[in-house]
Amino acid sequence: MDEERRRFCQYAGLVILGTALPSCGSSASTGDGGQLACGPVSASAGINIADIPLNSAMAVTINAEPIFICRDSKGVYALDARCTHVGTNVNLKSAQDPTQGFMCPLHFATYDFNGDHPTAPAPLPLAHYLVCTTVGGEVVVDTQQEVASTIRFRV
Ligand code: FES
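Asks: Hey, could you run me through the overall build of the protein in this one?
Replies: From N to C terminus, the protein includes one helix and 11 strands. Going through the 155 residues of the protein one by one, you find that 46% of them count as buried. Summarising the internal contacts of the protein: among those between residues at least 6 apart in sequence, 47% fall at separations of at least 24. For the protein, the accessible area works out to roughly 7,600 Å², and carbon and sulfur atoms hold 54% of it.

Asks: How should the packing of aromatic side chains be read in this particular structure?
Replies: Two descriptors summarise a pair of aromatic rings, namely the distance from one centre to the other and the angle between the planes of the rings. Under the definition given, this model contains two aromatic pairs. For the pair phenylalanine 68 and phenylalanine 102, a centre-to-centre distance of 4.8 Å together with 50° between the ring planes defines the contact as tilted. Of this pair, phenylalanine 68 sits in strand β5 (residues 65–72) while phenylalanine 102 sits in strand β8 (residues 102–103), and the two are 34 residues apart along the sequence. Each member of the pair, phenylalanine 68 together with phenylalanine 102, is buried. Centre to centre, the rings of tyrosine 77 and phenylalanine 113 are 6.0 Å apart; their planes meet at 75°, and the pair counts as edge-to-face. One end of the pair, tyrosine 77, is in strand β6 (residues 75–80); the other, phenylalanine 113, is in the loop between β9 (110–111) and β10 (128–133), with 36 residues separating them in the sequence. For arginine 152, the ring lying beneath its charged end belongs to tyrosine 77, and the centroid distance is 3.9 Å.

Asks: Teacher, can you tell me more about the side chain of threonine 110 here?
Replies: Note that threonine 110 resides in strand β9. Taking relative accessible area as the criterion, threonine 110 reaches 15% and is therefore assigned buried.

Asks: Help me out: how do you make sense of the pattern of salt bridges in this one?
Replies: Think of it this way: side chains of opposite charge can pair up when their charged atoms draw near. Taken as a whole and assessed by the stated rule, the structure comprises three salt bridges. The closest approach of N and O atoms between arginine 82 and glutamate 65, which form a salt bridge, is 3.1 Å. Of this pair, arginine 82 sits in the loop between β6 and β7 (91–92) while glutamate 65 sits in strand β5, placing them 17 residues apart in sequence. If you follow the salt bridges from partner to partner, you end up with Glu65, Asp80 and Arg82 in one network.

Asks: Where do I start with the state of the cysteines in this structure?
Replies: Put plainly, two cysteines are in a disulfide when a covalent bond ties their sulfur atoms together. Applying the stated rule across the entire model yields one disulfide. Put simply, cysteine 38 and cysteine 132 are joined by a disulfide, and their sulfur atoms are 2.1 Å apart. Judged by the sign of its S-S torsion, about 100°, the cystine formed by cysteine 38 and cysteine 132 is right-handed. In this pair, cysteine 38 sits in the loop between β2 (35–37) and β3 (43–48) while cysteine 132 sits in strand β10, placing the two residues 94 residues apart along the sequence. Like cysteine 38, the residue cysteine 132 is buried in the burial classification.

Asks: Teacher, can you tell me more about the sheet that holds β7 here?
Replies: Strand-to-strand pairing in sheets goes through backbone hydrogen bonds, with the strands running parallel or antiparallel. Within the open sheet, the three strands sit side by side as β7-β8-β9. Their pairing is antiparallel. The open sheet terminates on both sides in strands that have one partner only, identified here as β7 and β9. Summarising the sheet, β8 and β9 pair through two bridges and their orientation is antiparallel. Looking at β9, one finds that methionine 103 is bridged to threonine 110.

Asks: Help me understand the sheet that holds strand β4 (residues 56–62) in this model?
Replies: Across the sheet, six strands lie side by side as β3-β11-β10-β6-β5-β4; this open sheet has antiparallel pairing. Strand pairing shows two members of the sheet lacking a second neighbour, β3 and β4, which therefore form its edges. Averaged over all pairs of adjacent strands, the angle between their axes in this sheet comes to 35°, without regard to strand direction. When β6 meets β10, the two strands line up antiparallel, connected through two bridges. Considered in β10, the bridge of leucine 79 is made with histidine 128.

Cut-off values and rules
Residues numbered from 1 in each chain as written. Predicted model: local features only at pLDDT ≥ 70, side-chain atom pairs only at ≥ 80, totals over all residues. Heavy atoms only, no water. Helix = DSSP H or I, 4+ residues; strand = E, 2+ residues; numbered from the N terminus. Buried < 20%, exposed > 50% of the residue type's maximum accessible area, 1.4 Å probe, protein only. Contact = heavy atoms within 4.5 Å. Areas by Shrake-Rupley, 256 points an atom, 1.4 Å probe, with all protein chains shown as cover. Phe/Tyr/Trp six-rings, centres within 6.5 Å; stacked < 30°, edge-to-face > 60°. Lys NZ or Arg CZ within 6 Å of the ring centre and 35° of its normal. Salt bridge = Lys/Arg side-chain N within 4 Å of Asp/Glu carboxyl O. Disulfide = S-S within 2.5 Å. Pairing = 2+ DSSP bridges. Axes fitted to C-alpha atoms, helices over the stretch in contact; angles between N-to-C directions.

The following block contains the structure:
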């Protein structure tokens, strides 16, 4: 697919989702000098990057998927909120201190604030998705692009 076609597809995908975003293909830092670009099914989280406090986790729905938009000292990241056991939505262990991580209400598996170190019966960490922003700073998540748990959108 040539560059012009790819850009059109990105824009078309955003419009179909009802999210007319002025900046298609914004990117997230991979932390190692590389850049990743959000793709055609990216959708807005309805949050401006500047409004995400340090050590916070906000529950949002993106492309009908439950997501936590989190920020730690390294930047912003998006976690799939579905438990890796059988898919129940996880909750924050503590609303007052999100850095305590997440707990599944069904069989009580826990995850740390990065979605890592799952306890039984959860078999895997929570998935991370690519985070980008529009030129205006609106957070966009690409739920088609799972990324390493170390990747952040640097604020
Ligand atoms: S569904 Fe989460 S621990 Fe079973």
